[in-house]
Structures are given as C-alpha cells and as structure tokens.
Amino acid sequence: MDAALIWEWIIKSAIVLLIMTGGFAYTTFYERRLLARIQTRIGPNRAGPWGILQPVADGVKLIFKEELIPAQADKVLFVLAPVITVIPALVITAVMPWGGVVNIFGRQVPLYIADVNVGVLYIMAIASISVYGIVLAGWSSNNKYAMLGGLRSSAQMISYELALGLAFVGPVLIAGSMSLVDIVEKQRDIWFVVYQPVGFIIFLIATLAEVNRAPFDMPEAEQELTAGYHTEYSGMKFALFFMAEYIKMIAVSAFAATLFLGGYRLPFIEYPDWLEWIGPFVLLAKIIVLLGGMIWVRATLPRFRYDRLMAFGWKIMFPLALANVLVTAVIVVILSA
Amino acid sequence: MIPNEYLPIAVLFILATGLAALVIILGHAFGPRRPTARKLMPYESGMTPIGPGTRRIRVAFYMIAVDFILFDIEVVFFLPWAVYARELSYYGLLVIGIFTVLLLVGFIYAWKKGALEWE
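Worth saying up front: this structure is predicted, and the values here are computed from it rather than measured.

1. Focus: the overall build of chain B
Then, in step 1: A tally of regular secondary structure across chain B gives 3 helices and 0 strands.
Then, in step 2: In chain B, the succession of helices and strands from N to C terminus is α-α-α.
Then, in step 3: In terms of C-alpha radius of gyration, chain B reaches 25 Å, well past the compact-globule figure of 14 Å for 119 residues.
Then, in step 4: The C-alpha extent of chain B, read off along each of the three principal axes, is 70 × 50 × 20 Å.
Then, in step 5: Counting over 119 residues, chain B shows a buried share of 21%.

2. What to know about helix α1 (residues 7–30) of chain B
Then, in step 1: The end-to-end C-alpha distance of α1 of chain B is 35 Å, a good match for the 34 Å that 24 residues give at a rise of 1.5 Å each.
Then, in step 2: Restricting attention to buried positions, one finds in α1 of chain B the residues Pro-8, Ile-9, Val-11, Leu-12, Ala-16, Leu-19, Ala-20, Val-23, Ile-24 and Gly-27 of chain B.
Then, in step 3: Tucked inside the fold, the buried residues of α1 of chain B contact α1 (3–38), α2 (54–63), α3 (75–91) and α10 (235–260) of chain A.

3. What to know about the interface of chain B and chain A
Then, in step 1: The interface of chain B with chain A comprises 54 residues on the first partner and 71 residues on the second.
Then, in step 2: At the level of elements, α1, α2 (59–83) and α3 (85–112) of chain B are the ones that each hand at least two residues to the side of chain B that touches chain A.
Then, in step 3: Considering every element that reaches the side of chain B that touches chain A, the biggest residue donor is α1 of chain B, with 16 residues.
Then, in step 4: Classifying every residue of the side of chain B that touches chain A gives 37 nonpolar, 9 polar and 8 charged.

4. What to know about the packing of helix α5 (residues 144–175) of chain A against α2 of chain B
Then, in step 1: Contact pair α5 of chain A / α2 of chain B: the axes reach a minimum separation of 9 Å and the direction vectors enclose 15°. On the basis of their axis angle, the class for α5 of chain A and α2 of chain B is roughly parallel. Considering how the two elements wind past one another, α5 of chain A and α2 of chain B form a crossing that is left-handed. Side by side, α5 of chain A and α2 of chain B meet where Leu-151, Ala-155, Ile-158, Ser-159, Glu-161, Leu-162, Gly-165, Leu-166, Val-169, Val-172 and Leu-173 of chain A of the first sit next to Phe-61, Ile-64, Ala-65, Phe-68, Phe-71, Asp-72, Val-75, Val-76, Phe-78, Leu-79, Ala-82 and Val-83 of chain B of the second.
Then, in step 2: Counted by class, the contact of α5 of chain A with α2 of chain B contains 19 nonpolar, 2 polar and 2 charged residues.

5. Description of the pairing of strand β2 (residues 107–110) of chain A
All names here are of chain A.
Then, in step 1: Of the pairings in the sheet, the one linking strand β1 (residues 101–104) to β2 comprises 4 bridges and is antiparallel in character. The residue bridging Ile-104 from the neighbouring strand is Arg-107, located in β2.
Then, in step 2: From the end of β1 to the start of β2, which pair antiparallel, there are 2 residues, and Phe-105 there has a positive phi angle of about 50°.

6. Quick notes on unusual backbone geometry
Residue and element names in this part refer to chain A.
Then, in step 1: In this structure, Asn-142 is a non-glycine residue whose phi angle is positive, near 60°.
Then, in step 2: In this structure, Asn-212 takes a positive phi of about 60° despite not being glycine.
Then, in step 3: You can see Asn-212 is positioned in the loop between α8 (197–210) and α9 (222–225).
Then, in step 4: Given 26 C-beta atoms within 10 Å, Asn-212 falls into the buried group.

7. What to know about the environment of Thr-27 of chain A
All names here are of chain A.
Then, in step 1: Within the secondary structure, Thr-27 is located in helix α1.
Then, in step 2: On a C-alpha basis, the gap between Thr-27 and Ile-247 in space is 8.8 Å, while along the polypeptide they are 220 residues apart.
Then, in step 3: Beyond its immediate chain neighbours, meaning those up to four positions away, Thr-27 contacts Tyr-246, Met-249, Ile-250 and Leu-291.

8. Considering the nonpolar core
Residue and element names in this part refer to chain A.
Then, in step 1: Residues Ala-163, Ala-206 and Ile-247 are the most contacted members of the largest nonpolar core, which totals 130 residues.
Then, in step 2: Per-element tally for this core: the top contributor is α5, with 20 residues.
Then, in step 3: Leaving out residues up to four positions away in the same chain, Ile-247 has contacts with Met-20, Phe-24, Ala-89 and Leu-90.

9. Considerations on the confidence of the model for chain B
Residues and elements named next belong to chain B.
Then, in step 1: On average, chain B scores 82 in pLDDT, and the residues at 70 or more come to 96%.
Then, in step 2: Looking at the elements of chain B, mean pLDDT is at its lowest for α2, recorded as 85, and at its highest for α3, recorded as 87.
Then, in step 3: Scoring the predicted complex yields pTM 0.88 and, for the interface, ipTM 0.83.

10. Side note on α1 of chain A
Then, in step 1: Taking 1.5 Å per residue as the helical rise, α1 of chain A with its 36 residues ought to reach 52 Å, and the 51 Å between its terminal C-alpha atoms agrees with that figure.
Then, in step 2: Those residues of α1 of chain A not exposed but buried are Lys-12, Ser-13, Val-16, Met-20, Gly-23, Phe-24, Thr-27, Phe-29 and Arg-33 of chain A.
Then, in step 3: Those residues of α1 of chain A hidden inside the fold are in contact with α2, α3, α10 and α11 (278–300) of chain A together with α1 of chain B.

11. Let's talk about the packing of α3 of chain A against α10 of chain A
Residues and elements named next belong to chain A.
Then, in step 1: Contact geometry for α3 and α10: axes closest at 9 Å, N-to-C directions at 25°. Relative to α10, the element α3 lies roughly parallel. In this structure, α3 crosses over α10, and the sense of that crossing is left-handed. Residues Pro-82, Val-83, Thr-85, Val-86, Ala-89 and Leu-90 of α3 form the contact with α10, whose participating residues are Lys-237, Leu-240, Phe-241, Met-243, Ala-244, Ile-247, Lys-248 and Ala-251.
Then, in step 2: The class makeup of the residues in the contact of α3 with α10 is 11 nonpolar, 1 polar and 2 charged.

The rules behind these values
Residues numbered from 1 in each chain as written. Chains lettered and ligands numbered in written order. Predicted model: local features only at pLDDT ≥ 70, side-chain atom pairs only at ≥ 80, totals over all residues. Helix = DSSP H or I, 4+ residues; strand = E, 2+ residues; numbered from the N terminus. Rg over C-alpha atoms; globule rule 2.2 N^0.38 Å. Buried ≥ 20, exposed ≤ 12 C-beta atoms within 10 Å, placed from the backbone. Expected span 1.5 Å × (residues − 1). Contact = placed C-beta atoms within 7 Å. Nonpolar A, V, L, I, M, F, W, Y, C, P; charged D, E, K, R; others polar. Axes fitted to C-alpha atoms, helices over the stretch in contact; angles between N-to-C directions. Parallel < 35°, antiparallel > 145°, perpendicular 65-115°, else oblique. Left-handed = near helix turned anticlockwise from the far one by under 90°. Pairing = 2+ DSSP bridges. Core = buried A, V, L, I, M, F, W, Y, C linked by C-beta atoms within 7 Å. pLDDT = per-residue confidence, 0-100.

The following block contains the structure:
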C-alpha cells in the first residue's frame, strides 16, 4: 500500500462529503422552490440571484441560533443522537459508484470510494444504524412528544425495511452480484426497471418510508406530535437531523438510479475512455429527477394514518415484495437452465 | 486484518465523524446561551408537563421490533442465494422455496395472532 493510494482515498472521501453536504443544502432549496411552484407560489427568491444563496443564509442563521439542552435530558445521548443519525447517512455513500475508471494525470482512478462484493448488504446494514439515532433522540429528550415520535419513526422504518430488503434482491438476482459496480455494468443495454417494475415501485415506496418523507412523515405529524423526535432540538443539532434526512434522500435516489435505472451509464452507449467523466453527470441527472418525484409526492399526497401505515407496510408491501422475489427467481432460473 | 477494499470506507467514516463533530462544535461556539428555567422545560405546546417524559411504552412497539428481527434476518438470507441462483438452479429454488414456506408460516401465525394490528 503506497501513500498515493491513501491520499486518493482521502481526496475521494472529502469530495463525496462535499458533494453530499452541498447536495443537502441545494436539495432543501430545490424542494422549497418546486413545492412553491406546485402550490402556485414563488418560494424563496430574495437571497442572491433567483434565491440561490438561500441555503447559505439558512446555514449561517442556524449557526448563530441558541441551542437548548432541556434540563431533564440525558445530556450525553442528547448531543450524540444527531451525530449517530448523520454518520450512517454519509458513510452509506461509500459504495455508490459515480462512474467508471478515469485517467487523471496518468493514474487510473475509479470514481467510487469502495467496490465491496457485498455492496447491497452493506447498504442495508448501514442504513439500519440511523434508527438508533432516532430512538436515542426521542428517549434522551425526556419529552412525551419526542418519545412517541422517536418510537413511531423507528417502528415505521424497521417495518418498511423488510420490503426494502426484498426489493434489493431483485436486481441482485438478475445481475448475479451484490457489487453495485457489477450491477451497473450489467445494465449496459437494458435497465433493470424493465425486468423489475414491481420491485422498482416497492423500492420507491419503501425508501419514502425509510427516510421519513411524506406521505410517511410521522415525525413531522405536527398536529399530533409537535415535531416528533426532534421537538427539543435547535440550532446546529437540528440541522444535523435535517442533513441526515436530506442526505438519505439523495442516497436512496442514487441507489434507485443505480439498481434500477442504469446508474452512471446511458443505455446502448459505450463510453470511450475520454467520456468516462460523463458518468457522474448522468447519475446526477437521474438523482435530480427522482428527488423531484419525491417532492412531487409530498406536494400531492396527504399523510397516512399511523395504524394504516403499519398495516400497509406489513400486510401489503412485505407479501408483495416476497412474491416479486420468488417470481423473479423462478424466471431467472428457468431462463438460465 | 480488514480486507483492502474496506479501508477506504474507514477513511470516509473518520472524515464523516469529523464533519459531524465540526457541525456540533460550530453550533456550540457561535450560538448564544441564555438559559432560563422556563426555557429548559420539556416543550409541550405551552402546557406545563405532567409526570416524567419517558414512560411505559405500549407493547405493540415491542411486537413490531421482535417481528422485524425475525423477518429481517430471514430476508438477509435471500441475498447470498440470489447471487448464486443461476449456479444452484432448480435445487436452489427448491431449498429457497422450503425456506420461504417456513417464513410464511411464521408470518401468517404473527398475522393471525394479531401482532400486526394496531388497535
């Protein structure tokens, strides 16, 4: 192992972190503008040209906000909870393939941080850790709303994780590999969404619940729970929860694009070596479209009632996802035998 | 010894932890702090809180958690088979079929026992 390799890892990690935090800031802006347009408003347009400095203004405001730690809170866990929530959201992007191998000053650099052969399993494992942060936030606040909100969010997240896990199995079956790079390369000609339309829809619904987005936004059920598990949080600690939610939105959109929509590749086009650079931009375009879909859903659908949400997850999504896996498996085996 | 392809993940983890710590420190360094007893009370929309904030939780949440642990681990077993489904062919399909039937028996039992009901 040489020093250049370690520097390559550090630089790539830093770039991914910058992309995700910058992406977080501008996803909030994208959401506010798009939501406003759908509701025939204009949205934030005063900070900078077309309001593009709005996220910067929000960030600066949050830094100078007073942060409260409630007197009866468990102080250590209260500070730790947002950190535990945001780290998995950032670390999950390590296996995200942004592009193929490019040549930088004579050095072959793959445009992903790590290509582990259990990539899909890695996503599932890391994504689950975020639940701890939410439960701890709810519990350590020592607030009834926060407690209930934390419990509800975590119960919802683990319920939809079953369907999400099964939706991952479809692309793995077709590609015959858990490595995300392999899965993308297998989609050179036909996107997996063609083979897995049901799996794709299950994946989209389950990820909405997984990142606590409308219509599954239980923590933000203001009428019943104030602000759920982050009721007591303010300032930059609140910003961390917000950051975790939006980074997970970007990450699950990126994984949906990678697993079902061909990732960094365009169908039927072989990239010549000098064009490998286009990969990240292709992926980014797909992410922006999928994020737009998530925002559109928020603008259109009302919130689920909690018992129906749980029933939907267990009684419809889980059996449907299981049936999808079995049907896919039978077809894959028959076609290959 | 950690395999080589996991080391970059460790690098990203360290940098991500640093970023999260930096955000917390920024907030602590620049935010004003003028606490009063009333500000530090649990926020319950203006009502004075009655009783402790963390109290006993309804059992349905535990049922969901136990069901989740059972079924999620079973779901994870699908993944290694999915990678080798082509090589294992019909034999693999038969084995995973039996496995799925067992899983479904447990699922139907939990459903009929009312573990998935929220009322």
